[in-house]
Structures are given as C-alpha cells and as structure tokens.
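Listed below are the residues making up each chain.
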Amino acid sequence: MARDVACARRAARAIAPAARLAYPRAMGILKKLGIALLVILLLAVAAGYFLTRGDTADVAFDETVGTDPTLDEPEEESIPTVAIAEPVGWADGELPVAAEGLVVNRFADGLDHPRTLQALPNGDILVTLTRAPKLDTGEGGNWLRDLVAGFLFRKAGAGGESANELVLLRDADGDGVAEGRYTLRDDLDSPSGIAWGDDTLYVANHDEVLAFDYALGGTELTGQGRKIADLAEGTGHWMRNLALHPDGDRLYAAVGSKSNIGEDGMEIEQGRALIWEINLETGRQRVFGAGLRNANGLDFNPWSGELWTTVNERDMLGSDLVPDYLTNVPVGAQYGWPWVYWRNKIDERVDAPMPAYLTEYARRPEYAMGPHVAALGLAFTKEGARMGPQFGSGAFVARHGSWNRKPAAGYDVVYVAFDERGNPIGKPQPVLTGFLQGDGTTRGRPTWVEWAADGSLLVSDDTAGIIWRVHAPGAEAQDAIERVTGDRLPAQRELRGQEASFGEDDFARRVTAE
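Cut-offs applied
Residues numbered from 1 in each chain as written. Predicted model: local features only at pLDDT ≥ 70, side-chain atom pairs only at ≥ 80, totals over all residues. Heavy atoms only, no water. Helix = DSSP H or I, 4+ residues; strand = E, 2+ residues; numbered from the N terminus. Buried < 20%, exposed > 50% of the residue type's maximum accessible area, 1.4 Å probe, protein only. Contact = heavy atoms within 4.5 Å. Areas by Shrake-Rupley, 256 points an atom, 1.4 Å probe, with all protein chains shown as cover. Salt bridge = Lys/Arg side-chain N within 4 Å of Asp/Glu carboxyl O. Pairing = 2+ DSSP bridges. Phe/Tyr/Trp six-rings, centres within 6.5 Å; stacked < 30°, edge-to-face > 60°. pLDDT = per-residue confidence, 0-100. Polar contact = N/O pair within 3.5 Å; in protein donor to acceptor, adjacent residues only side chain to side chain.

1. Notes on the overall build of the protein chain
Helix and strand counts for the protein chain stand at four helices and 30 strands. Relative to its full complement of 514 residues, the protein chain shows a buried share of 47%. The long-range fraction of contacts in the protein chain, counting pairs at least 24 apart against all pairs at least 6 apart in sequence, stands at 62%. Put simply, the protein chain shows about 25,800 Å² of open surface, and 52% of that area lies on carbon and sulfur atoms.

2. With respect to the pattern of salt bridges
Should their charged atoms come close, side chains of opposite charge can pair. As enumerated under the stated definition, the model contains 20 salt bridges in all. Note that D347 and R349 form a salt bridge whose closest N and O atoms lie 2.8 Å from each other. Accessibility classification places D347 together with R349 in one group, the buried group. With a shortest N-O distance of 2.9 Å, R399 and D412 are connected by a salt bridge. In this pair, R399 is assigned in strand β24 (residues 394-399) and D412 in strand β25 (residues 412-417), connecting sequence segments 13 residues apart. By the burial criterion, R399 is buried, and D412 matches it. Residues joined in a network through salt bridges with shared partners are E313, R314, D347 and R349.

3. Focus on the sheet that holds strand β15 (residues 285-290)
What the five strands build is an open sheet, ordered β12-β13-β14-β15-β19; its pairing is mixed. Two strands bound the open sheet, and with one partner strand each, they are β12 (240-244) and β19 (333-334). For β15 and β19, the ladder comprises two bridges, and the chain directions are parallel. Each residue of the ladder has a partner; that of G289, found in β19, is A333.

4. Brief notes about the packing of aromatic side chains
Scanning the entire structure with this criterion turns up 15 aromatic pairs. With 6.4 Å between their ring centres and 80° between their planes, W303 and F380 make a pair best called edge-to-face. In this pair, W303 sits in the loop between β16 (295-300) and β17 (307-311) while F380 sits in strand β23 (residues 375-380), placing the two residues 77 residues apart along the sequence. Residue classification places W303 among the buried positions, given a relative accessible area of 4%. Residue F380 is classed as buried on the basis of its relative accessible area, which comes to 2%. Their ring planes at 45° and their centres at 6.2 Å tell us that F391 and F396 sit as a pair that is tilted. Each member of the pair F391 and F396 is classed as buried.

5. Things to note about the confidence of the model for the protein chain
Segments scoring low in pLDDT should not have their predicted coordinates read at a detailed level. Here the protein chain averages 89 in pLDDT, while 84% of its residues score no lower than 70. Counting contacts from residues 506-514, a segment whose pLDDT is below 50, to residues more than four positions away or on other chains yields two contacts.

6. A closer look at unusual backbone geometry
For the peptide bond that leads from W337 to P338, omega is 0°, which places it in the cis range. Along the chain, the position of P338 falls in the loop between β19 and β20 (340-341). Omega for the bond connecting K406 with P407 falls within 30 degrees of zero, at -5°, which places this linkage in the cis form. On the secondary structure map, P407 appears in the loop between β24 and β25. A positive phi angle is found at D198, which is not glycine, with a value near 55°. Residue position: D198 is located in the loop between β8 (194-197) and β9 (200-205). The backbone phi angle of R343 is positive, close to 80°, even though this residue is not glycine. Looking at where R343 falls in the secondary structure, it is placed in the loop between β20 and β21 (345-346). Overall, R343 belongs to the partly exposed group, its relative accessible area being 30%.

7. Focus: the sheet that holds β23
Pairing is antiparallel in the open sheet, where five strands are placed in the order β2-β26-β25-β24-β23. Of all the strands in the sheet, just β2 (97-98) and β23 have a single pairing partner and so form its edges.

8. Considerations on the side chain of N301
Along the chain, N301 turns up in the loop between β16 and β17. Here the side chain of N301 touches S304 through a polar contact of 3.2 Å, landing on its backbone nitrogen. Discounting residues that sit within four places of it in the chain, N301 has contacts with E306, W308, F380, F418 and G422.

9. Re the side chain of S456
As for its placement among the helices and strands, S456 is situated in the loop between β28 (446-451) and β29 (457-461). Using a relative accessible area of 1% as the deciding quantity, one classes S456 as buried. Polar side-chain contacts of S456 include one of 2.6 Å to the side chain of D454. A polar side-chain atom of S456 sits 3.3 Å from a polar atom in the side chain of R469. Setting aside residues no more than four positions away along its own chain, S456 makes contact with E450, W451, R469, V470 and H471.

So, in structure tokens, the structure goes:
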C-alpha cells in the first residue's frame, strides 16, 4: 500500500510540470477563440443592422398617390426593407377613427382571421375565415426566402393554420350588430373569393372554383360542390378573389403571382398574375387581363360597366416604389408584370426575356394607391349607400398596410373620388384610420370592404378578428349612379385632304372573274 502511494506521488510530480505548461496554452487558445467568436458576433450584428435597416422613403407619400404619381428612381435591394407593424388588437371600447360625419361600430367580432366579405340580396353577410395554405413551394422555390417570409407573416399576424371556414352573419333585428352566426362550411381549402347568383354560391379555394346550390336564407351548405375551374395553387400570393358579372353569365377570378419578379422562372407563373373570365354557360375560361402581379379587389365601375381591380405591385426597389394601384381591366389588358411597371418603366432585375414591343402595348394604371400599402378590398359607391354626399361618387379601398416600407403606410380605408364620366380624380380621402399606432404597432389590418343591406360599409379586420360597420347617421339613401352612354360615331364615307371622294357605287363595285 505504501509503495502504491509513493508511486502515485511520483507520477503526480511528473505530470504537474506538464500540466502547468499545458494550462496557459489551453487558456490562450480559449481566449483567442472567445475573441474570434466575439468579433464574428459583432460583425454579424453590424451586418444585420446595415442589411435590415432598409431604405427610408425620400418622396412625400402624398406625391406617390393619385392619377399622376411621382415615380422615384429605383433602388435595388438584395434584402428587402423590413418594417412590420405588429398587431396588438383592440381593447374593449376602442374603435377606429371614422371620417367627419361618419360613425363606426363592431358588426361582428371573435372571428378567426376574417378576410373576404360578400353581401347577399336578403341582407345576410358571408365571410371567409382563412389563411395561406401549407404547401411545398416546389423545385423552383427558395427555402431561405420562404423561411423568412413565414417569420414575417407570423409577425404581421398572418401566420398559423387556416380555419378554412365560410361563415354567415345575420343582423335580423337591424341594430347594426350581427347576432346570428352560422358556419356554412369548415372543410374548404384556404377559401377567399365568394360570389352568389341564381341560387348558386361560388367559392374560390386557393386552387379551384367551386359552385354550390344555395337558396337565400339557408344556414347550411351541403354537398361537395361542382368544380367549374382549376386555378394555379396558392403558393406565393394565395388569395383567389371572385366577381360575378352583372349579367350573371360570367365569373371573374383573380390569381396572383408566385414570386416578386419571376425569380423562380416564368414556367411556374403560368396561370398566374392574371384575371380569368369563366363562362358559366359553356364552362370555358380565357385570360381576361394579364401582367397583374397580385390583383385583389374586383368590382364593376357603375359609370362604364368595366371591371376594375386593386393590384399589389413589386417589392425591393425601395420604399418609394412601386405604387400599388387601382385600375380598369378591359378585355385583353396587359399591365407588364414582371418586365415593366407603370407602362414603360423597365425592371432591369428580371432575367426572363421580355416579349417584343411590350412597352408599346402595356397599359398605364389609372390611379396610384401608394407604394407597398397592400391595396385589397374594393367597392364602388352604389344605390342605397348611406355614407353621405361627400362619399357618394367614387370607390372605397381597404389598404391592408405595408411590411416593407419606412415609414409604414396604409393600415386604413380610403375613398377615391370619381368624376361624372367614371374616372378617378384627386387624392385618397381617409374613411377609417386609427389602426396604426405611434409606437410602430397596429391594432388591426383592414382587409375587405362590402355594402350591407342598410347602406353601411362593412370592413373586415383580419388580425383583430372584427368586422367594422361604418355609416353616416341620418344620411339619405344614395341614388343609383347613371350609366354613361353615347351614340357611336358614324362610319366615314369620304376622304378629304386631296379632294378625293367616294360614292356608294365605288364601295359596291364588283370585278368579274374575267
């Protein structure tokens, strides 16, 4: 035993000098590693600061809206400006700020992310409770971009599982509050667009349009539904909004792009960035308007009968570009996405070859809503509206609010006045504000607009789960807007300028076979 102890002591004395030499060396290595990690951390923080501070707007916001907006020089960004207003909700008793002469109240609350609204002729209101579908972005996707996008969506209040519900709200006693609430379906697939006509209810999932038999007043929607159109699946911009033509024989479906500027290739953009026209009698569909990056609200101009839409334009060209817009969509219209914006402004970032002469036939949008405001819901003034004469000749637009602009913009409902011939004029006028707060948070995000049977304007607030009701107390019901009509120009029967004229015999002249 004594011998073992002595051996251990000798071994310890032999190891001690080596340990004393190794300890400082190890500490030196650890110190250097610590310093290196600290430097890397500081560099990462500095890089994060410079990369995420983004571009601050140089142009006054009021100059970026209207019929003749200021279009700043593009400032290409490798990483988008990020300035998300985090939703905090509305406390009991809190209300948005209504414009002078208007009042606002809660029509319905406690809803799970309400988006689109559709009024039925009997006064019932349909609303979709929905979020983006959970889909694989495919081979052309960018996993890092999708990961960041998912984080941003959650921070903005748009993340989570979709409820996939279609709900009916009913104000049976006419007090401006929906006391009746019925779930018509809870098995849809990221539904958005809704339309009704001739006892048929049309619902757009993210990848198809379904038709259900539905009589007004019903509180159930049974059956599987008839598929009347396939749509590109909802990767990227996923909402698929609908509008039924006043004649009832055509349905219009808006489908947004997958990407910002076609960076995943144009093959995957087939059937996207456009508005379909679906013939309900034949089942055939055709591209009605194209080059529309992300068309949303759809409504028919009461002066002309034309289809109009709100469109969310491209990102990552700075906080001052590109304005979202409100515009008409005549058949065959081309608005230039992804190659050009605002008719002839070429986006040099796009890799795909540009179609020949595109800048010659691409259309210029009619009205700028402001860059990055996310213009969504659209409703023209109509017969029976009770918003007062100051809001009696134009369109209401819900601006959902920016996530990539400094300072933030949107987060409101605005009114765009139209002249007697049905053209937009002036600047947007606030209708409902008070969503965005001074500390950079937001109480909610206005999403859709629709007319209630009593003439009030309904506004969905998706992150807050509320439907707001806005009206002018004591206002008379508005008259219908008169359609602008005129006689066609007569056919030209003669040519002037070199004293040449043609008579009826000249037009009818025949040449024999000989």
